[in-house]
Amino acid sequence: MPLPDFETLDLEQAEGWLTVWFNTPERRNPLSIDRVEELLTLCAALRDRREIRGVVFRGRGGVFCAGGDLKAFQAAFQGGGAHEAILDVSKQGAEVFDAIDQLPQFVVIVVEGPAMAGGFGIVCCGDMVIAEAGAKFALTETRIGIVAAQIAPLVLRRLGRAVTRRLMLAAASLDGAQAQAVGLADVVADGQDGIDAELAAVRDQIRRASPNALAVTKCLIREIEDLPREAQIDRAADDFASCLLSKDGKEGVTSFMQKKQPKWADPENV
């Protein structure tokens, strides 16, 4: 089944991977209301698409995402009912961060140019972050009198309390190397050739992973930490048994014993 067509997103699908491009660089690829709604629709469509091994999010025009569309927000929230309208939009922002975070595929965020505010939040949802050396990461909300609200839990989870406090309160910015130093970026790439090489390497790695096991592992990592120890043991045992008895589990173990590749690892099957 083909994926939906979108206005604010360009989709490119090849070799088991989907690249999602934010396509309004002339506006710095904002998290507009339309783009948020389309991202939610896309994530829902990807929920059961195991043939898609990984999803790459990036921005056209050397711009990742400069955050919310403040001009549109300002125009929309004039007059009565503004507070309630802002609550709804803020909560929808949380929905899209959660939707990207909970994708069953391996999620790669490629950052060229600015990744600010909500764009910074999307970065924190990635399983891997590739930053071009000249990328700029910033949480600029306090400079304009607002708060980095819905992305705060994501930044805390990725960077820890001390780094999050410094970045959020001081509205600090980071280049690619600095982002890697604090744990925000996993890899710093030199130009488009460097980005392409890193993407090729991660595609090869993820091809070797069972699509089902990858999805279950992502969910386990996300949910197990806050469970009581007894619940952790029960959840881990249940996930292990379910995976072992699954089609992928049976094939994977058999292939390992026979010293051959499982079907999902064969490049011709991707």
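Right above here is the structure, for reference.
Throughout what follows, the structure given in this document is the object of discussion. Not measured: the values here are computed from a predicted model.

**Concerning the layout of surface pockets**
Item 1. Put simply, the second largest pocket is a space of about 410 Å³.
Item 2. Around the second largest pocket, the lining comprises 14 residues; the ones closest to its centre are D101, R157, K218, I221 and R222.
Item 3. When residues of the lining of the second largest pocket are traced back to their parent elements, those giving at least two are α5 (152-159) and α9 (211-224).
Item 4. No other element matches the five residues that α9 contributes to the lining of the second largest pocket.

**Structural notes on the pairing of strand β4 (residues 106-111)**
Consecutive residues of a regular strand have side chains that alternate between opposite faces of the sheet.
Item 1. With six of six residues buried, β4 is to be regarded as a mostly interior element.
Item 2. Residues of β4 alternate between two faces, with F106, V108 and V110 on one and V107, I109 and V111 on the opposite face, all of them buried.
Item 3. With four bridges joining them, strand β3 (residues 54-59) and β4 adopt parallel strand pairing. Bridging from a neighbouring strand, V56 pairs with V108 of β4.

**Observations regarding the packing of helix α10 (residues 229-245) against helix α11 (residues 247-257)**
Item 1. For the pair α10 and α11, interaxial distance at closest approach is 4 Å and the crossing angle is 70°. Relative to α11, α10 is oriented roughly perpendicular. In contact with C243, L244 and L245 of α10, α11 contributes K247, G249, K250 and V253.
Item 2. Its residues assigned to classes, the contact of α10 with α11 comprises four nonpolar, one polar and two charged.

**Examining the sheet that holds strand β8 (residues 173-175)**
Item 1. Taken in spatial order, the three strands of this open sheet run β5-β7-β8, and their pairing is mixed. Of all the strands in the sheet, just β5 (114-116) and β8 have a single pairing partner and so form its edges. In this sheet, adjacent strand axes meet at a mean angle of 15° when their direction is disregarded.
Item 2. Pairing of strand β7 (residues 136-138) with β8, which is carried by three bridges, proceeds in the antiparallel orientation. Bridge pairing in β8 places A138 opposite S173.

**A look at the sheet that holds strand β1 (residues 9-14)**
Item 1. With mixed pairing, six strands are arranged side by side in an open sheet as β1-β2-β3-β4-β6-β9. A single partner strand is all that each edge strand has here, and the edge strands are β1 and β9 (187-189). Strand-to-strand twist across the sheet, computed as the mean angle between neighbouring axes with direction ignored, equals 20°.
Item 2. Pairing of β4 with strand β6 (residues 128-132), which is carried by four bridges, proceeds in the parallel orientation.

Rules behind the numbers
Residues numbered from 1 in each chain as written. Predicted model: local features only at pLDDT ≥ 70, side-chain atom pairs only at ≥ 80, totals over all residues. Heavy atoms only, no water. 1 Å grid on protein atoms, 1.4 Å probe; cavity = no way out; pocket = protein on both sides within 12 Å on 5 of 7 lines; lining within 4 Å. Points joined across faces, edges and corners; volume = space filled by probe spheres on them. Helix = DSSP H or I, 4+ residues; strand = E, 2+ residues; numbered from the N terminus. Buried < 20%, exposed > 50% of the residue type's maximum accessible area, 1.4 Å probe, protein only. Pairing = 2+ DSSP bridges. Axes fitted to C-alpha atoms, helices over the stretch in contact; angles between N-to-C directions. Parallel < 35°, antiparallel > 145°, perpendicular 65-115°, else oblique. Contact = heavy atoms within 4.5 Å. Nonpolar A, V, L, I, M, F, W, Y, C, P; charged D, E, K, R; others polar.

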